[in-house]
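# Remarks on the overall topology
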Amino acid sequence: MEGMVRHGSQIVPAQSVMLLTVYCLALSLVYKWRRCLSAGLGGVVKSQSPSPPLTQGKRGLSPDTSDPTKPITEMPSMEMARAGWVLRTLLLNEQEQVLRERKTAGGRMSVPMAASGSELVSWLISLEAGLDRQRATTMWQALLEEGIIFHVTGEHEFRDKCVLYQFRSDRDGIAGGCTTPQDIAEAEEHLQECLADLADRGPDAWLRMVLRKSSNDRTADDLEIIYEELLHMKPLSHLSNSMKRELASVIMFEAHPRPGSVVFEQGEEGRSWYLVLCGSVDVVIHGKGVVATLHAGEDFGKLALINEAPRAASIIVREDNTHLLRVGKDDFNRILRDVEANTVRLKEHGKDVLILEKSQGPHSSVKYVVMACTPARMVEHLLDSRLDSGSIDPALDDFLLTHELSNDASSEGWEEAALMHRLIIFRVYCADHTYCTLRLPVSATAEQIKVCAADKLGLRVRPEDLILAELKSNGERVNFRDVEVSVPTSLSLNGRIFVAPKDHLDALTVIAEQEAPTEGVELDLEDVSAKEMAYHMTICKQYHNINGMFALVLGLSNMAVSRLSLTWDKLPSKSRKLYMQLEATIDPSKNHRAYRGVVSSMDSPLVPFMPLLLKVIEDPPTPKNESEVRAYVRCLRTIDNQRTLTSLSQKLEPRRS
Ligand SMILES: Nc1ncnc2c1ncn2[C@@H]1O[C@@H]2COP(=O)(O)O[C@H]2[C@H]1O
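In the nomenclature of an unreviewed UniProt entry, the protein corresponds to Rap guanine nucleotide exchange factor 4 from the organism Nezara viridula.

Written out as structure tokens, the structure reads:
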């Protein structure tokens, strides 16, 4: 059987065996270079691993890679590890010992196996005809940025000067000072390939080094290098040259060696705008998971800057050695805002979910026009958009009045499962009003909550004899069935969860805080003058804030207030008439015809009445700045118990007998 070789029980072509042998040899060589380096880098050679699942486990904070004297990788790449090994092996074989014991400036410290930057540059030039000093300097910087060589006291990037550098393996004492003839032969064999790798990486390494310097440390040459590079960057091609010049002094480089590290988290304040240089990042939204992956040439983080809103998503590094460019908020506003903030385009699972375009509003104000949007995103956008002047385009009115919003899992990608796994913190009370605080997924069943609460509260009752119930502020009780989920999110306003033995259920009484706020609110309404209050109420109408207007009218139309006839009588008839007109707009008959009439008679922008909008969605989406909204609602102290409201009202105007 010509050309075939027996391998175990298999017959394989001889060619494959040869390939396999070459491959094994190559692997062993690579292993040697990496072993030499990894011993000094924690001892483990890390393989290129895929990203960890993004919804689990702890995410590391991004390391600070802004210091240009430090490596930007956790482990050197195969190519640079090999180049380091080859150059060191050949340097050790030099007649005139380049690597030898040296004294640092001032003779303070003696360093073994060190060489000055200028000696290393001269030596490299001697290996390759046509190489100039600047090019050779960048090649050594390529080794320095991967932690293969170091400035002996860690103060400098690579310099063609009389400053000392060492190979890491010498600094950490993990490589011998001798070389075998076999090593030298191997190094010579790979030299040309290594020089080509270094020449290839040098200029980028130099650029990265310059981009890591603080603005103040950048020289005119540095700025020129950055500017030249910005001229060629596709994602910046729409910027004018003068903008690129300005950017050159402020744009910063950020390296993320590890997948899973967090660039920033959803809800944080926006401080920078980013551009992906290489690698990729995931856009992760609470309750939805990864909604998009951004690659080289794509940008992120401008929404929070132009909106003055919290970050709409977390950005998690997806690949090893992802490199980003960053522009701080002030610089973004100064240089880029006018151009970059022209369009905001958000994608989820490859589909555009929101495209906003800036346009000129009246009186040279700026407004954003929604060019395309999914219904779900529109609601999110409306819920938390504070775009510049807060203005929304007229097309939106039509949308609000006509669009049927649906919670279609397939088209909108609502990840109900992810929502259900979200952890929430809530209290469970006992009959004596002691309570425990639990942190469970939304999907936890009433039975699971019951068991956890009983355990924490020390209730010595079998779970089957316990009941979990909501006690509303009016004393009404609703028992949960054991299989029910989303218990804490289904409570009524001021409702509380109680756990009690079946035969003690009737003894449950409402907690004082359920009836009325037990603590003062930050803003004491009584400190505000009636005039001031009236001013703020009127402003809702003036600014077309129908939502705010309705909230006020609904509040005033509550029985506890509407019955205060003595007070109402004090109103001038003009105001009374105006109020009656407003009251008419909340009339829900004929599918909110009165409301629709008001909306159509108003010029844009306007804030629609949200409950009406949300009523058509079976399961309202979670707003983007969810944590903020939740914190707000948690601190919102209201009285929803009609009995309490009526008794307060009667204190003001006792019932006439
Ligand atoms: N579908 C998306 N939803 C929200 N943010 C997204 C989406 N896709 C990309 N992003 C980017 O993620 C960034 C998170 O921070 P910002 O809110 O500042 O700006 C956001 C957008 O630039």
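### Observations regarding the sheet that holds strand S7 (residues 252-256)
Strand order across the open sheet formed by 4 strands is S7-S14-S9-S12, with antiparallel pairing between neighbours. Looking at which strands have only one partner, the edges of the open sheet turn out to be S7 and strand S12 (299-300). Packed onto the sheet, helix H6 (residues 181-212) meets S7 and strand S14 (322-328) and runs at close to 110 degrees relative to S7.

### A look at the packing of helix H2 (residues 78-92) against helix H4 (residues 133-144)
Look at H2 against H4: their axes get within 10 Å of each other, and the N-to-C directions meet at 115 degrees. H4 is crossed by H2, and the crossing has left-handed handedness. Counted together, Met-80, Ala-83, Gly-84, Leu-87 and Leu-91 of H2 and Trp-140, Ala-142 and Leu-143 of H4 form the full contact between these two elements. Among the residues forming the contact of H2 with H4, the class breakdown is 7 nonpolar, 1 polar and no charged.

### What about the sheet that holds strand S5 (residues 149-151)?
One open sheet holds the 4 strands; their spatial order is S3-S4-S6-S5, and the pairing between them is antiparallel. With one partner strand each, in any of the chains shown, strand S3 (100-103) and S5 form the two edges of the open sheet. Across the sheet, the axes of successive neighbouring strands diverge by a mean angle of 65 degrees, strand direction being ignored. Sheet topology note: the S5/strand S6 (residues 164-167) ladder contains 3 bridges and is antiparallel. Its bridge partner being in S6, Phe-150 is matched across the sheet by Gln-166. The strands touched by helix H3 (residues 117-127) are S3, strand S4 (110-116) and S6; relative to S4, the strand with the most contacts, the crossing angle is about 45 degrees. The strands that H4 touches are S5 and S6; relative to S5, the one it contacts most, it runs at about 100 degrees.

So, how was this worked out
- Residues numbered from 1 in each chain as written.
- Predicted model: local features only at pLDDT ≥ 70, side-chain atom pairs only at ≥ 80, totals over all residues.
- Heavy atoms only, no water.
- Pairing = 2+ DSSP bridges.
- Helix = DSSP H or I, 4+ residues; strand = E, 2+ residues; numbered from the N terminus.
- Contact = heavy atoms within 4.5 Å.
- Axes fitted to C-alpha atoms, helices over the stretch in contact; angles between N-to-C directions.
- Left-handed = near helix turned anticlockwise from the far one by under 90°.
- Nonpolar A, V, L, I, M, F, W, Y, C, P; charged D, E, K, R; others polar.

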